[in-house]
Amino acid sequence: MSSSTKWKSKLVSSSLPLEFEVAKSLVAHGFSVYADYTYARDDSGVVKDFSVDLQATAFSPFSNPNRITAQLELLVECKQRHPKVKWLFFPDPNRADFSPIVLGRTIRTIDSFSQKFFRSNVTVEFDENAPHCYKGVEVDESDGRVYDAEIKHGVSQLQYALPRLISEAALFNLHGHREDNIPFIVCPILLTTADLLVAHNSLTANMVESATALTDIAKTTPYLILYSDYGPDFERHCARECLQLGQLDLDEFDVIEEYRAENGEYSFYLPSFLCRSLSEGMRSTLVNYFTQFVVCQMSSFDTLITDIKKATSKAARTLGKQRR
């Protein structure tokens, strides 16, 4: 490639053309998009700004802009990879009842700050229809390298951005008119141009030695669910991002608190508990909201968004005045 055309490969590798393509796709699906969703993070004692590539917002039912029942928020981190790169993920080896992946947690339905209730486990079907994975690596077939830095970085960006997104949505509802408060739904997406593969459950090291191609040991998938835990730094980060929630007076949400308690809400889902647990970095709450992610290949992005919208529409149709 001549020096006069090197800019093309540099521009593509920056992921900006990919982000623009993704943004246009989201707009076509009825979303409003915003670039560089920014959050503050402590970096070796210095608070710095970081960002996720895209934030997208839409409202259900998607076919009727004059009637709003729930708000859908997506965070999308884009990873442009060269054609010889594949992302290989390993399926969760745990029995379903011992798996850290919990059905219904990937698309987070949050109604605690409104006077409407989602039906329990309403987004379970979305998780049931995708592979569940607990680890992934990037395989570069051009030079044989195997590494996980890009995947870990992308997941980390999403994980650290989520507390601000959820805190802002909660505060918007708590400080707004009670009759206008609507539940919100959140889903983080790591998007890549690399092909996605999930290793066979029967995989062994000997099978890898005998393989001539990745497809000998894995099968392709349009998207998957990835579990990624967190450490003490994230607990402190979440507490800092959700500090305002912990400082609210009960008077600021007593109407919603009383209403939800009287209509069957569990005590650990009441707004006061959720505000306190987020601001204190409680494990039970953080695992619920910040450990499951969608990983999707670009060629299947439209399919993923369609599936998320279907799950969101189904969830919105279950909204009622009492906990069920």
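Let me begin by describing the structure that accompanies this report. (Residues numbered from 1 in each chain as written. Predicted model: local features only at pLDDT ≥ 70, side-chain atom pairs only at ≥ 80, totals over all residues. Heavy atoms only, no water.)

## As for the packing of aromatic side chains
Reasoning step 1: Counted by the stated rule, this structure contains 11 aromatic pairs.
Reasoning step 2: Both rings, one in Tyr266 and one in Phe268, keep their centres 5.5 Å apart while their planes meet at 0°; by these two values the pair is stacked.
Reasoning step 3: A relative accessible area of 44% means that Tyr266 is categorised as partly exposed.
Reasoning step 4: Here the aromatic cluster, defined as three or more aromatic residues joined through ring pairs, consists of Tyr160, Tyr230, Phe234, Tyr289 and Phe290.
Reasoning step 5: The lysine or arginine in question, Arg41, covers the ring of Phe50, its NZ or CZ lying 5.9 Å from the ring centre.
Reasoning step 6: For Arg260, the ring lying beneath its charged end belongs to Phe117, and the centroid distance is 4.1 Å. (Phe/Tyr/Trp six-rings, centres within 6.5 Å; stacked < 30°, edge-to-face > 60°. Buried < 20%, exposed > 50% of the residue type's maximum accessible area, 1.4 Å probe, protein only. Lys NZ or Arg CZ within 6 Å of the ring centre and 35° of its normal.)

## Concerning the environment of Pro83
Reasoning step 1: Looking at the element boundaries, Pro83 is found in the loop between strand 3 (70–79) and strand 4 (85–91).
Reasoning step 2: Measuring from C-alpha to C-alpha, the distance between Pro83 and Ser142 comes to 9.2 Å, with 59 residues separating the pair along the chain. (Helix = DSSP H or I, 4+ residues; strand = E, 2+ residues; numbered from the N terminus.)

## A look at helix 10 (residues 283–290)
Reasoning step 1: Burial within helix 10 is extensive, with six of its eight residues counted as buried.
Reasoning step 2: Packing partners of the buried residues in helix 10 comprise strand 5 (108–110), helix 4 (149–174), helix 6 (232–241), helix 9 (271–279) and strand 12 (292–297). (Contact = heavy atoms within 4.5 Å.)

## Considering the side chain of Ser60
Reasoning step 1: Here Ser60 is to be found in strand 2 (residues 46–60).
Reasoning step 2: Apart from residues no more than four positions distant in its own chain, Ser60 is found in contact with Arg67, Ile68, Thr69, Ala70, Thr312 and Ala316.

## Considerations on the pattern of salt bridges
Reasoning step 1: Under the defined criterion, the tally for this structure stands at 14 salt bridges.
Reasoning step 2: For the salt bridge of Glu141 with Lys86, the shortest nitrogen-to-oxygen distance reads 3.2 Å. Taken together, the residues Glu141 in the loop between strand 6 (132–140) and strand 7 (146–147) and Lys86 in strand 4 connect sequence positions 55 residues apart.
Reasoning step 3: One salt bridge connects Arg236 with Asp233, and the closest N-O pair in it is separated by 3.9 Å. In this pair, Arg236 and Asp233 both sit in helix 6, three residues apart, roughly one turn of the helix.
Reasoning step 4: Residue class for Arg236 comes out exposed when judged on its relative accessible area of 53%.
Reasoning step 5: Looking at Asp233, the relative accessible area reads 28%, which means it is partly exposed.
Reasoning step 6: Because the salt bridges share partners, they merge into one network encompassing Asp111, Arg260 and Glu265. (Salt bridge = Lys/Arg side-chain N within 4 Å of Asp/Glu carboxyl O.)

## Thoughts on the side chain of Glu241
Reasoning step 1: Topologically, Glu241 is positioned in helix 6.
Reasoning step 2: Although Glu241 is buried, it makes no salt bridge; Arg240 carries the closest opposite charge, 5.3 Å away. (Lys, Arg positive; Asp, Glu negative; His and termini not counted.)

## Brief notes about the layout of surface pockets
Gaps left between atoms show up when a probe the size of a water molecule is rolled over them.
Reasoning step 1: In this structure, the largest pocket spans a volume of roughly 430 Å³.
Reasoning step 2: What lines the largest pocket is a set of 21 residues, and nearest its centre among them are Gly104, Thr109, Asn121, Tyr269 and Asn288.
Reasoning step 3: For the lining of the largest pocket, the secondary structure elements donating two or more residues are strand 5 and helix 10.
Reasoning step 4: Per-element accounting of the lining of the largest pocket gives the leading share, three residues, to strand 5.
Reasoning step 5: Residue composition of the lining of the largest pocket, by class: nine nonpolar, seven polar and five charged.
Reasoning step 6: Here the second largest pocket defines a volume of roughly 240 Å³.
Reasoning step 7: In terms of lining residues, the second largest pocket is bounded by 13 residues, among which Lys152, Val155, Leu226, Tyr227 and Ser228 are the most central.
Reasoning step 8: At the level of secondary structure, the elements contributing two or more residues to the lining of the second largest pocket comprise strand 6, helix 4 and strand 11 (223–227).
Reasoning step 9: Take the lining of the second largest pocket: its biggest share by element is five residues, from helix 4. (1 Å grid on protein atoms, 1.4 Å probe; cavity = no way out; pocket = protein on both sides within 12 Å on 5 of 7 lines; lining within 4 Å. Points joined across faces, edges and corners; volume = space filled by probe spheres on them. Nonpolar A, V, L, I, M, F, W, Y, C, P; charged D, E, K, R; others polar.)

## Observations concerning the state of the cysteines
Reasoning step 1: Scanning the model with the defined rule gives zero disulfides in all.
Reasoning step 2: Cysteine Cys133 remains unbridged, with the sulfur of Cys296 as its closest cysteine sulfur at 13 Å.
Reasoning step 3: Judged by relative accessible area, Cys133 falls into the buried class, the value being 0%.
Reasoning step 4: Here Cys275 is not disulfide-linked; the sulfur of Cys242 is the nearest cysteine sulfur, at 8.8 Å.
Reasoning step 5: A relative accessible area of 1% places Cys275 in the buried class. (Disulfide = S-S within 2.5 Å.)

## As for the packing of helix 9 against helix 10
Reasoning step 1: Contact geometry of helix 9 with helix 10 gives a least axis separation of 8 Å together with a crossing angle of 90°. Judged on the interaxial angle alone, helix 10 and helix 9 are roughly perpendicular. Taking contact as the criterion, the partners of Phe273, Leu274, Ser277 and Leu278 in helix 9 are, on helix 10, Thr285, Leu286, Tyr289 and Phe290.
Reasoning step 2: Looking at the contact of helix 9 with helix 10 residue by residue, the class counts come to six nonpolar, two polar and no charged. (Axes fitted to C-alpha atoms, helices over the stretch in contact; angles between N-to-C directions. Parallel < 35°, antiparallel > 145°, perpendicular 65-115°, else oblique.)

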